[in-house]
Structures are given as structure tokens and as C-alpha cells.
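Structural description and commentary
One-letter residues, chain by chain:
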Amino acid sequence: MQQLNSKPTSSVANIDLIKQVNCAIIYKVIEQHAPISRVKIAKVSKLAPASVTKITRYLIESGIVTETERQASTGGRCAISLAPNAKNINVIAIKIGRKLLSLSIYNLTGHKSVDRRINVEDKTGAQLITLLQTEIQTLIDDEQQQGNQVSALSVTLSGLIDPKQGKVIYTALNKLNNVALVDILEEKFNIPTFIGNHTRALALAEHYFGTTQENQDSIVISIHHGVGSGIIIQGKVLLGVNCNIGEIGHIQVNPIGKQCHCGNFGCLETEVGDTVIVEKVQQAIAQGASTSLDSEILTIDSIYQAAATGDPLCEQVVAKAASYLGKTIAILINMLNPEKIVIAGKITAAQNTLFNAIQQCIVHQSLPDFQKRVVISTSELHADSTIASFSLIKQAIYEGDLLQKMRIKI
Ligand SMILES: [Zn+2]
């Protein structure tokens, strides 16, 4: 006879999970209804008053939530209200990009007070980590001088990341391969730290603050130097046991295409990435194609702008790239049946050409019932380089991970 798996560890894990879920519910209620009393939190959340008292105590202890003004008495005992702590507790959200290191200071309500950009084109590996540590230390010192505390750090990068182990597994550009970045930063600063793949984090940011707030199932596709995706299913980023799901940039779309850094040929990102598009336009001009653009000062922005205003060469190059992208999107629709697909990247400047080609593929290559439901849109947050990173901290607050890292046992 088959036995059900009833190891004691699984029931402990279940209790922890229930506490985490309750913590998330209570924090979200406080965030949405602040200032709110504990009595009202219990009413809105439908959780037992004892649980609300206990969990709010931990949230206050962590500094994430603060007690605010007393509500006017309505005959009974005065109730103290609770609200997210918007003063004196800040976090640092970081993006390590191909050319730029971006660092921002946010408070817990999402207000950004500091934004720094540092050119890191000539920095990789250990040099990049040293620079990162110096920049973080400067921000922490500045905050302390103003009487503020930095309660969390988060970092997003392109490439393969293991958020659970806090490791960068592989980055093609920053050469931070098999680096335990969270351990390095937590050891240096003694501040809870979170990392994630930038596009997966952008999908989360769109879900918390942007265009997919009303959707449970969505996909963000980001097109820069490379191409990646972040998939949200039932409100959660899909990561899986191996922590990396959505590497659509390495789907082969052109078997006779050029070799990708992954070793294979004709990957989506060797046909659609910004750098490739500049190369394709350059090649066409060298072969005699006419364009309104000055071939001496060709930039990706000018190409997408020219495609948007009807330059035939740029339109043609963008449409070809968009058809490869559309093919991949049709596969994603058939596999995941999402409510919304969000495109992020400079390529959205040529939105008409881009969307027309994608729509053609969706119509001819995905299930009619699925294509009726899906909406294609552009990212609202893509231009903000650190909001994706900040959303990792937001997720850690919602899911109790920040409290756990602060060693506050819920
Ligand atoms: Zn590849």
C-alpha cells in the first residue's frame, strides 16, 4: 500500500508557510488601508485578532511598520493605527547593467530619493564587486548622516541567477560567474540582501506597480543587448527548482543564423537584440540599401525612430526581427495562455511595425481561443532602471523573507 508522505519536516514547513502567507496578507492590508487599527486589520484580513497582534508586533519590531496617530475614540478604547514605515527606514535597490551600475534609495512606500549612475563598461568580475561595495558604503554613510537606516539591499542583473542561494550563476557581460553575491554583500554590510534576474524582477515590478497589476498571468519580454522574459503565473514569478525559467533569448528561430554566446546558432537574441539590429542596418547600408539615416552616426534610438516614421530600410529590419519575436510569442501563448504580454525595450519606439508583425504571428500560430484573450502592451516601468530591483524587496516583505533575514521569527 502506498504511504502518504508525512515527514515531520513537511508539517513544520507548512506552518511556516501559513505564517508567511498571513504576514503577507496583514502587510498588504496595512499598505492598502493605512492608517488602520489592529481591529480593522483583523476585520479586513479575516484573520484571528491574536494572529494580527502577533504578526504586527513582528512587523513593528522589524521597522517595516510603524504605529501612527490614535484614532478618535468612538466610546470604546482608543486604537493605535498602523502604517508602513515611510520615515527613517530606507532600502537600496541596484541594477548591474552592461554599461551602467544604477543605485537608488527608496523608502518602503516606493518613494525614490536618490538615483546614481556609474559607468562600469571597463569593470567586470572582482573589480566590479569592489566598485559596487564602495558605492553601497557611500550611500549607507550618507543615509546614516541624515539619521536614516538602510534595512535591505537588492541587486538585479541579466543572466542566470539563483535567488534562493543568492548566487550569480552566469552573466555573459559582467563576468560574475558562480559568485555568491548575497553572502559577499551580507558579510560586508550586515544588511538583508536579495538578488534576481532583471527581467524576472521587471515582471514582478509590472505586477506590483505597472501594467499587469490587474492580471494574474502575464509575461514580460525584454529586448536589449539580449532577450529574456519573466513569467508571472497566479501572481507569482515562475522560477522553478532550478531558479531560471524564461530564457527565451536562446530559442532557435533561424537555423542558419549567426552563432550566439551560448554556443548555438540563430538564437532569438542573435536576431532581435539591439546590437544585432544596428549591425543589420549597417550591413544593408554597406550593400547599397537607401535610408534617411546618416550611416556615420547610426544609433539604435535613431533606427527605431526612423522605423516609426516610415524609413523603409529600418521598418524592414525591425519587421523581420519582430516576426522572429512574434513566432516566439505565439509559442508562449500556446504554452502558457497568458492574459497579457508586455514588451520592454527601446524597440517599442517602433511600436506600430513591431506590434503589426507580432500580431500576424499570433493570428496564424496560436490557438484562436487563447489569442482572443491575450493583450499585447508596452512596459510602463522599463525606463526606470531600479524599480525591478526594488520589487524584489517588496516581494521579500510580502512573503516574510525580509523578516526571516532580520532573524525575526514569525
Ligand atoms: Zn543562445
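It should be noted that the structure appears before, not after, this text.
Residues numbered from 1 in each chain as written. Predicted model: local features only at pLDDT ≥ 70, side-chain atom pairs only at ≥ 80, totals over all residues. Heavy atoms only, no water.

Some remarks on the packing of aromatic side chains
We count it as follows: Aromatic contacts are taken between Phe, Tyr and Trp rings whose centres are within 6.5 Å, Trp giving its six-membered ring; a plane angle under 30 degrees counts as stacked, one over 60 as edge-to-face, and the others as tilted. Only DSSP runs of H or I covering at least 4 residues are called helices, and only runs of E covering at least 2 are called strands; the numbering of each starts at the N terminus. Burial classes: relative accessible area under 20% of the type maximum marks a residue as buried, over 50% as exposed, and values in between as partly exposed (1.4 Å probe, protein chains only).
Per the counting criterion, the structure on display carries 5 aromatic pairs. Relative to Tyr398, the ring of Tyr27 has its centre 5.9 Å away and its plane inclined at 55 degrees; by these criteria the two rings are tilted. With Tyr27 in helix α1 (residues 8–33) and Tyr398 in helix α13 (residues 387–398), this residue pair connects regions lying 371 residues apart in the sequence. Side by side, Tyr27 and Tyr398 carry an identical accessibility label, which is buried. The interplanar angle of 85 degrees and the centroid separation of 5.2 Å between the aromatic rings of Tyr208 and Tyr398 together place this pair among those described as edge-to-face. Pair noted here: Tyr208 is in helix α6 (residues 198–209) and Tyr398 is in helix α13, with a separation of 190 residues, a long-range link. What makes Tyr398 buried here is its relative accessible area of 9%. Cluster of aromatic residues (ring-pair linked, three or more members): Tyr27, Tyr106, Tyr208, Phe209, Phe390 and Tyr398.

Quick look at the sheet that holds strand β5 (residues 100–107)
Which entries qualify depends on this criterion: One requirement defines pairing of two strands: DSSP has to find at least two bridges between them. As a rule, the C-alpha atoms of each element are fitted with a line to give its axis, helices using only the stretch in contact, and angles between N-to-C directions run from 0 to 180 degrees. Here, two residues are considered to be in contact whenever any of their heavy atoms come within 4.5 Å of each other.
The 5 strands lie next to each other as β6-β5-β4-β7-β10, forming an open sheet whose pairing is mixed. Edge strands, defined here as strands with exactly one partner in the open sheet, are β6 (112–119) and β10 (193–197). On average, adjacent strands in this sheet sit at an angle of 15 degrees to one another, irrespective of strand direction. Pairing of β5 with β6, which is carried by 7 bridges, proceeds in the antiparallel orientation. Within β6, the residue paired with Ser104 across the bridge is Asp115. The sheet contacts of α6 involve β4 (89–96), β7 (149–157) and β10, and relative to β10 the element is tilted by about 100 degrees.

All we've got here are geometric facts, nothing functional implied.
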